[in-house]
Every structure is written in structure tokens, then in C-alpha cells.
Amino acid sequence: MSEVRRRLLQRLADGGAHPGTAIAAELGVSRAAVAKQVARLRAVGWDIASGPRGYRLSSGQVPLDRRVLERGLAGLRGRIASLELLDQVDSTSSHLARLAPVDDGRVQVCIAEDQSAGRGRRGRAWHARPGGSILLSLAATLPLPPPALAGLSIAAGVVCAETLIAAGVEGITLKWPNDLLVGDAKLGGILVEVSGEAAGPGRVILGIGINHDLGGADGEPEWPITDVVRSSTPGGIDRSALAAALIASATRLLEDFRHHGLAPYLSRWHGLDGLVERPVRVEGPLGAVEGTALGVAADGSLRVRTENGERAFHSGDVSVRRAS
């Protein structure tokens, strides 16, 4: 994003109306240049209204503030190798995958206002509202073989849920293996990608997407969505501060997981499990299986009681829905 465009967004971040002439004078550009930058921001999804009193940014869209991010991460400076704040990117995880890895245990972080090709599990697209979502990824090299990292998405779900709860989001549950829900509506998701030789070390890219303020959008009947604004106490939760808290929690998780693995997170998952003892339908390459979810096993797999006995399912192969 150009510096003029970023400063324009910051000026509109308070939600008030600002005359184009005043913005032009403040930014040191022409009135026409302001109109041109507004048009470009609108083209990528920023909801900027114009009227007699000037330009106004939708109350649900607040640009990320790098100062707030850095303040929230001040205690972790030694663990973070880089922090990139981007206007738009194809995918924060794809962006980190293109970078040369850092092999000293520190994490590389990318956070974006918008993604043009955000990804979820099994190749699904991840759609978000510019300025209304938290879209971030962390990359690290851990001294573990890829199979030992299989439960990382479970642990990541736990720490993300706990971070959101601590910030004031209410009613969160976890849907195996990587969804954060409020009721039956999706609040966010996690995507963990692991690469490396069989004996290690493993290169991990941990992607987190959280709906912060979707402007009242409810998704489709089969895939309802919600956001932080609708799921938290009145007064709101600052998007930049919440993003910093999620980055901090994920950074600590990557350090802890290398030493302790999944075990410390299992009981915490069980306390947030939104599927346990509920009927589920598990769909995979060999067809669908229905049964009752029994929770998560020690290796992070989903335990399901079927009419033919208990089975375990692994996240890379299947998707799960609540059965009617």
C-alpha cells in the first residue's frame, strides 16, 4: 500500500466524516489525488462513503495499527525474526512459504488487511472482509520430524480460543480439527502446513483467520458465520490489539510445542470441545461414516463411536460435520 493510501486510511479510522480538502492538505497532495486513492481503496473492498461532510469509513473496518502490534509484542522481540504488515497478499501463509526460512528457532510473522487467495483446509478458499478480519501466519523451523507435529493444529485451536476468551469473546467452542465456533456459526479457523524430511527438522507455517467485524454478514444457511463484534461484550475489542495477542500466543505455542508436544493441550481441548458426545458425519476419500464423537485421542485424531465400533480419523484425510 502506498504511504498516502495508508495515511488516508488512518485518518478515516475514527469513523468520522473528513472533508477531502482537509485530507488533501494534511497529506500534502491534491484533492484529485485523494479521490483517486479513495477509488483504489473501494476497489479492493474498503467501504468508504462520501457525502456533504466528506469521506467516512465503515465503522466495521479499522486499519491495523503497527504501533499497537509492536507494543503488544514488545516482550517477544527476541523470538520474532520479522513482522510484515501488508495491505493485500494472495495468502499470508503462501507469502511466508516463499521466504527463506529462519533456522534459529525464531518466528517469521505476516499479517495482512486482505487476501486475494486465502486458503483453508483441503484446498477450500477463505474469504474475509478487508479491515474486518484478522489474517495472519507464523513460520518457524522446529527440531521435530513432521509426524511429531501432527497435533499442532489441535494445540493451536486451544491457544487461539483461550486468547479470544481472555479478550472478551463469549461462547467459543472448538470443532475438530481447526474451527473456532460460537454456537453453530464459524468465528475463525486454523491451517497448519508442515514440510521437511522424515527425520526432521520440520518447517511449520501456522495460519490463523478470525472474523472481527463482517458488517452483519451471516454466511450461508449451511455455513453460518459470526464475528468478534457480535460475540463479545459491548465496547468492542481492538483488532490490532487482538491480532497482537494471537501472534504472542501462537509464538509461545511454537516454543512450548517443541518441548512438550500435544499432551499439555488435550485436557484444555476437551473443555472447549464442541463435538464431544454429539452425532457427527465424517466424510473422506472412502465415503462417509456417521457416529458419535468421543473427543480427541492422544495423537490428535478424532475418536468416533460407530455401529461397527470405535474409529479414529486424522485431519488430513477427512472433514467433519455435525449430523442431524
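Being a predicted model, the structure only gives us computed values, none of them experimental.

## A few points about the overall build of the chain
Then comes step 1: When helices and strands are counted, the chain shows eight helices and 14 strands.
Then comes step 2: Taken against the 2.2 N^0.38 rule, which gives 20 Å for 324 residues, the C-alpha radius of gyration of the chain at 21 Å falls within 12% of a compact globule.
Then comes step 3: Principal-axis analysis of the C-alpha atoms places the extent of the chain at approximately 70 × 45 × 35 Å.
Then comes step 4: Once local pairs closer than 6 in sequence are excluded, the contacts in the chain between residues at least 24 apart make up 64%.
Then comes step 5: Counting every atom, the chain has about 14500 Å² of accessible surface; 51% of that belongs to carbon and sulfur.
Then comes step 6: Positive and negative charge centroids in the chain, built from 37 and 35 side chains respectively, lie 5 Å apart.

## Some thoughts on the side chain of His95
Then comes step 1: Considering the arrangement of structural elements, one finds His95 in helix α5 (residues 92–97).
Then comes step 2: If sequence neighbours within four positions are ignored, His95 has contacts with Glu84, Leu86, Val89, Asp90 and Cys110.

## A closer look at the pairing of strand β4 (residues 107–115)
Then comes step 1: Buried residues dominate β4, accounting for nine of its nine residues.
Then comes step 2: Where strand β3 (residues 80–89) and β4 come together, eight bridges link them in parallel fashion. If you follow Ser82 over to β4, its bridge partner there is Gln108.
Then comes step 3: Here β4 pairs with strand β5 (residues 133–142) via five bridges, running antiparallel. Counterpart to Val109 in the pairing with β5 is Leu138.

## Quick look at helix α1 (residues 3–12)
Then comes step 1: Those residues of α1 lying buried are Arg5, Arg6, Leu8, Leu9 and Leu12. Looking straight down α1, one finds its buried side chains confined to an arc of 160°; they lie on one side.
Then comes step 2: Of the surrounding elements, those touching the buried residues of α1 are α2 (20–27), α3 (31–43), β1 (48–51), β2 (54–57) and β3.

## Re the packing of helix α6 (residues 152–167) against helix α7 (residues 239–260)
Then comes step 1: Two elements in contact, α6 and α7, have axes separated by 9 Å at closest approach and are oriented at 145°. The two elements α6 and α7 meet at a crossing, and its hand is right-handed. On α7, the residues touching Leu152, Ala155, Ala156, Val159, Cys160, Thr163, Leu164 and Ala167 of α6 are Leu242, Ala245, Leu246, Ser249, Leu253, Leu254 and Phe257.
Then comes step 2: Split into classes, the residues belonging to the contact of α6 with α7 amount to 13 nonpolar, two polar and no charged.

## Some thoughts on the packing of α6 against helix α8 (residues 263–272)
Then comes step 1: At a closest axis distance of 9 Å, the pairing of α6 and α8 adopts a crossing angle of 60°. As the angle between them shows, α6 and α8 are arranged oblique. The crossing of α6 and α8 is left-handed. Touching Ile154, Ala155, Val158, Val159, Ala161, Glu162 and Ile165 of α6 are Tyr265, Arg268, Trp269 and Leu272, all from α8.
Then comes step 2: Residues of the contact of α6 with α8, tallied by class, amount to nine nonpolar, no polar and two charged.

## Brief notes about the sheet that holds strand β13 (residues 309–313)
Then comes step 1: The five strands are arranged β13-β12-β11-β10-β14 in an open sheet whose pairing can be described as antiparallel. Two strands lie at the open edges of the sheet, namely β13 and β14 (319–322), each paired on one side alone. Mean inter-strand twist for the sheet, computed between neighbouring axes without regard to direction, equals 45°.
Then comes step 2: Sheet topology note: the strand β10 (residues 279–284)/strand β11 (residues 287–296) ladder contains six bridges and is antiparallel. Residue pairing in the sheet places Arg281 in a bridge with Glu290 of β11.

Basis of the calculations
Residues numbered from 1 in each chain as written. Predicted model: local features only at pLDDT ≥ 70, side-chain atom pairs only at ≥ 80, totals over all residues. Heavy atoms only, no water. Helix = DSSP H or I, 4+ residues; strand = E, 2+ residues; numbered from the N terminus. Rg over C-alpha atoms; globule rule 2.2 N^0.38 Å. Contact = heavy atoms within 4.5 Å. Areas by Shrake-Rupley, 256 points an atom, 1.4 Å probe, with all protein chains shown as cover. Lys, Arg positive; Asp, Glu negative; His and termini not counted. Charge placed at Lys NZ, Arg CZ, Asp CG, Glu CD. Buried < 20%, exposed > 50% of the residue type's maximum accessible area, 1.4 Å probe, protein only. Pairing = 2+ DSSP bridges. Arc of directions from axis to C-beta. Axes fitted to C-alpha atoms, helices over the stretch in contact; angles between N-to-C directions. Left-handed = near helix turned anticlockwise from the far one by under 90°. Nonpolar A, V, L, I, M, F, W, Y, C, P; charged D, E, K, R; others polar. Parallel < 35°, antiparallel > 145°, perpendicular 65-115°, else oblique.

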